[in-house]
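As a plain string of letters, each chain reads:
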Amino acid sequence: MDSYLIGLGNNDTKTRHDASVDFVKFWESQAKKLDWFEPWQIPLEWNPPFAKWFVGGKINASYAALDVQKQDKIAIFWEGENEERRSVTYAQLLDSVQRLANGLKSLGIEKGDRVTIYLPMTPELVVSILACARIGAIHTVIFSGFSAQSIRDRIVDSQSKLVITADGGYRRGKIVKLKDVVDTAISDLDFISNVIVYQRTNHTITMNSKDILWDDLLEKNSNTCPPEKLESTHPLYILYTSGTTGKPKGVLHDTGGYLTHVSATFRWAFDIKDSDVYFCTADIGWVTGHSYVAYGPLLCGATQVIYEGAPDYPSHARMWDLIQRYKITIFYTTPTALRMFMKFGDDIPNSFDLSSLRLLGSVGEPINPEVWKWYYHIIGKTKCPIIDTWWQTETGAMMISPLPGLETIPLKPGSGAHAIPGVDLAILDESGNTVPPEIKGYLVIRKPWPGMLTTLWGDDEKYKTVYWSKYKDTYYTGDYAICDKDGYFWILGRADDVLKIAGHRIGTAELESSLVSHSSISEAAVCGIPDQVKGEVIIAFLVPKEGVSVSDSLKNQIIDIVRKDIGAIATPQSLYFVSKLPKTRSGKIMRRLLKAIASNEKIGDVSTLEDGAAVSEIQTAFDELKKQIRG
């Protein structure tokens, strides 16, 4: 495997040493970098599987993110999909946060109350989050692509008293009517006291008795709102995440521990400088947006770009135009987005000035080596380190990543390198034994960490069962991984996202990575069809790069690669070429749709799809495929 010795000149061996000697004392040293109102008495109370960090300490996320920063510095360069632009300073952000916080209090919202936020990617989303944090309300952000039923389920589970939404948002040139969706979701929920409506698109909406316009509320409230001095263990937010079965899980994060973990990893991973312009493409509706858009950059006083719309609209060049326009220095995005950009060809990014970039990042899923190398050569022009980060909604912040802010190490395309300081990762077999290097096993976390979820909202038992029951006092991530002889971690995908072929368990991530390693393929998704002999047989949906002609020769080359990379047992029975795969608006492939179609099951809710036409295309593809198989 190729390696690249890339770093930013840092070699802080003391940090890792201190973390290895006493991880609790180490995390205390990182917590002290935040602004606390009162010190803690107990750094960690660990009653497995429940952890409390910095017990007795008093802190406020809004204060730590805004009040202590340079007030005249730009906090957010915002660009709407329709090319509307705003620059927001820390002072302006603080002014709006305090006005909204007072507005929430005037509507009866108190410490501990839940507030649901359903907004497009505008500065008002950040304001809403921090206004809740300022008064001790618990925010629960819902991605603005979710359906009315999905919103209703989350509101009912959290028992939110108030909803903050907008008349609409822009997506691919169309108005997404968010207010209408909220009205449907809460039509008979009497416990909702009010709905605050931000006017983003100014299209005609129906205002009900509970509705209050954002501008009216802020205008009549003071811009002075002292922050609540909250216990470190006070809940900061609930973020719902889908499981393989059942209703979404309400992951609960606290304040002091979470802020410590997020701020530390933001500094280490991005080596943040006062002059940097940072851009994370994640929507705040997902955990990456919580940790590395809403909180991390502001806690570190950074300037960031927030973009409202689709990454390839109105043209395939939108991301590169943003980098050139704002002279972005740090770019953090997903492998799914990168594969899409690769599909469009090298000429587009090569036509823009990307020389401002000094650091690149990847998040959300394993990045296969071919995409990593494209990112490094075409976007980074061979001069930018790439941090390939692994973490989860539940972990709160990065757990595996190269850390240019601490050390210069060789980077291996496709590996996230080492665990961050203060985190104890291991790879175990089914019996709980540590596996040797290069052997696949289950990735686990053996000690508590500050950013960890404290429980599942309203369901301690499910928290224990889902995350802590496989191994004693050990957090089960649900991911397969290997650790090589150099101590580098390689994430292989979900342990529960596997195909069973003739008794062999084959990870979909491994197989899809092999498929896209062919130079003519930009994206791949696999699923299994029931087979009386083998249990399942594999079919693969492939998106060829532009200009590629599908032929028997191409199919044979792809099959040969799979056999070489994984083995003959992983050979797809059929390959089907399509122009797109079904994805969420955040860019993740909806593999459950492929599985549903393959099993002739009801597809279910597709409200978060980027392009609903992809579902019918996949259905047509599969129908034709069945005919081929039967023939």
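Thresholds applied
Residues numbered from 1 in each chain as written. Predicted model: local features only at pLDDT ≥ 70, side-chain atom pairs only at ≥ 80, totals over all residues. Heavy atoms only, no water. Helix = DSSP H or I, 4+ residues; strand = E, 2+ residues; numbered from the N terminus. Rg over C-alpha atoms; globule rule 2.2 N^0.38 Å. Buried < 20%, exposed > 50% of the residue type's maximum accessible area, 1.4 Å probe, protein only. Lys, Arg positive; Asp, Glu negative; His and termini not counted. Charge placed at Lys NZ, Arg CZ, Asp CG, Glu CD. Pairing = 2+ DSSP bridges. Axes fitted to C-alpha atoms, helices over the stretch in contact; angles between N-to-C directions. Salt bridge = Lys/Arg side-chain N within 4 Å of Asp/Glu carboxyl O. Contact = heavy atoms within 4.5 Å. Polar contact = N/O pair within 3.5 Å; in protein donor to acceptor, adjacent residues only side chain to side chain. Phe/Tyr/Trp six-rings, centres within 6.5 Å; stacked < 30°, edge-to-face > 60°. Lys NZ or Arg CZ within 6 Å of the ring centre and 35° of its normal. Disulfide = S-S within 2.5 Å. Parallel < 35°, antiparallel > 145°, perpendicular 65-115°, else oblique. Left-handed = near helix turned anticlockwise from the far one by under 90°. Nonpolar A, V, L, I, M, F, W, Y, C, P; charged D, E, K, R; others polar. Expected span 1.5 Å × (residues − 1).

Visitor: So what's going on with the overall build of the protein chain? Residues and values would help.
Guide: When helices and strands are tallied, the protein chain shows 19 helices and 32 strands. Taken over C-alpha atoms, the radius of gyration comes to 24 Å for the protein chain, in line with the 25 Å a tight globule of 631 residues would show. Principal-axis analysis of the C-alpha atoms gives the protein chain an extent of 70 × 60 × 50 Å. Within the protein chain, the fraction of its 631 residues that count as buried is 61%. Mean positive and mean negative side-chain charge positions of the protein chain (69 and 76 charges, respectively) differ by 1 Å.

Visitor: Let's hear about the sheet that holds strand β18 (residues 303–307): which residues, and what values?
Guide: Strands sit in the order β6-β5-β18-β17-β19-β20-β21 across an open sheet of seven strands; the sheet is mixed. Two strands lie at the open edges of the sheet, namely β6 (85–89) and β21 (386–388), each paired on one side alone. The mean inter-strand angle of the sheet, taken between neighbouring strand axes irrespective of direction, is 20°.

Visitor: Give me the side chain of E28: which residues, what numbers.
Guide: Mapping E28 onto the fold places it in helix α2 (residues 23–31). K32 provides the closest opposite charge to the buried, unpaired E28, separated from it by 5.3 Å. Not counting residues within four places of it along the chain, the set of residues in contact with E28 comprises W40, P43 and F54.

Visitor: How would you summarise the pairing of strand β19 (residues 330–333) if you had to cite specific residues and measurements?
Guide: Side chains I330 and Y332 project from β19 onto one buried face, and the interleaved F331 and T333 project onto a second face that is buried too. In terms of strand pairing, strand β17 (residues 277–280) meets β19 through three bridges, oriented parallel. Bridge pairing in β19 links F279 to F331. As judged from the four bridges shared by β19 and strand β20 (residues 359–362), these two strands associate in the parallel manner. The residue of β20 that forms the bridge with I330 is L359.

Visitor: I'd like to hear about α2, residue by residue, with values.
Guide: Buried residues dominate α2, accounting for seven of its nine residues. Listed as buried for α2 are F23, V24, F26, W27, E28, Q30 and A31. Buried residues along α2 sit in contact with α1 (13–21), β2 (42–47), β3 (50–55) and α9 (256–270). Of the residues flanking the start of α2, the one acting as N-cap is D22, its side-chain oxygen 3.2 Å from the backbone nitrogen of V24.

Visitor: Tell me what's going on with the packing of aromatic side chains, and back it up with residues and numbers.
Guide: For any pair of aromatic rings, the description rests on two quantities: the centre-to-centre distance and the angle between the ring planes. Going through the model one piece at a time under the given rule, you end up with 37 aromatic pairs. Consider the rings of W53 and F54, whose centres lie 5.5 Å apart with planes at 55°: the pair is tilted. Neither W53 nor F54 differs from the other in exposure class; each is buried. Between the aromatic rings of F266 and Y278, the centroid separation amounts to 5.0 Å while the plane-to-plane angle is 75°, which identifies the pairing as edge-to-face. With F266 in helix α9 and Y278 in strand β17, this pair connects stretches of sequence that are 12 residues apart. Chaining the aromatic ring pairs together yields one cluster made of W46, F50, W449, Y463, Y467, W468 and Y475. If you follow R86 out to its NZ or CZ, it ends over the ring of W78, 4.9 Å from the centre.

Visitor: So what about the state of the cysteines? Which residues, and what values?
Guide: Applying the stated rule across the entire model yields zero disulfides. The structure places no disulfide on C384, whose sulfur is separated from the nearest cysteine sulfur, that of C280, by 17 Å. Owing to a relative accessible area of 0%, C384 belongs among the buried residues under this scheme.

Visitor: Could you give an account of the packing of helix α4 (residues 90–106) against helix α5 (residues 123–135), with specific residues and numbers?
Guide: Two numbers describe how α4 lies on α5: the axes approach to 8 Å, and their chain directions differ by 60°. Relative to α5, the element α4 lies oblique. When the axes of α4 and α5 are compared, the crossing they make is right-handed. When α4 is examined against α5, the residues L93, L94, S96, V97, Q98, L100, A101, L104 and K105 are found in contact with a partner set consisting of V126, V127, S128, L130, A131, C132, R134 and I135. Considering only residue class, the contact of α4 with α5 consists of 12 nonpolar, three polar and two charged.

Visitor: Got a sec to walk through the side chain of D283? Specific residues and values, please.
Guide: If you trace the backbone, D283 turns up in the loop between β17 and α10 (287–299). Although D283 is buried, it makes no salt bridge; R171 carries the closest opposite charge, 5.8 Å away. Within the local environment of D283, its side chain forms a polar contact with the backbone nitrogen of G285, the two atoms lying 2.7 Å apart. Beyond its immediate stretch of four places on either side in the chain, D283 contacts M121, F143 and G289.

Visitor: With reference to specific residues and values, describe the environment of E438.
Guide: Mapping E438 onto the fold places it in the loop between β23 (425–428) and β24 (441–445). On the basis of relative accessible area, E438 is assigned to the partly exposed category, the value being 44%. Along the sequence, E438 and D484 sit 46 residues apart, while their C-alpha atoms lie 4.9 Å from each other. In this view, E438 contacts I482, C483, D484 and K485; residues no more than four positions away in its chain are not counted.

Visitor: Before we move on, can you summarise α4 with the specific residues and values?
Guide: Helix length check: α4 (17 residues) gives 24 Å between terminal C-alpha atoms against 24 Å at 1.5 Å per residue, within 8%. Buried within α4 are the following residues: Y90, L93, L94, V97, Q98, L100, A101, N102, G103 and L104. The positive-phi residue at the C-terminal boundary of α4 is G108, with phi of around 90°.

Visitor: Outline the sheet that holds strand β26 (residues 475–483), listing residues and values.
Guide: By definition, the strands of a sheet pair up through backbone hydrogen bonds, in either a parallel or an antiparallel sense. Taken together, the four strands give an open sheet; going across it, the order is β23-β24-β26-β27, and neighbouring strands pair in antiparallel fashion. For this open sheet the edge positions go to β23 and β27 (489–494), each flanked by a neighbour on one side alone. Averaged over all neighbouring strand pairs, the angle between strand axes comes to 45°, with direction disregarded. One ladder, built from four bridges, connects β24 with β26; its direction is antiparallel. Along β26, the bridge assignment pairs Y442 with Y480.

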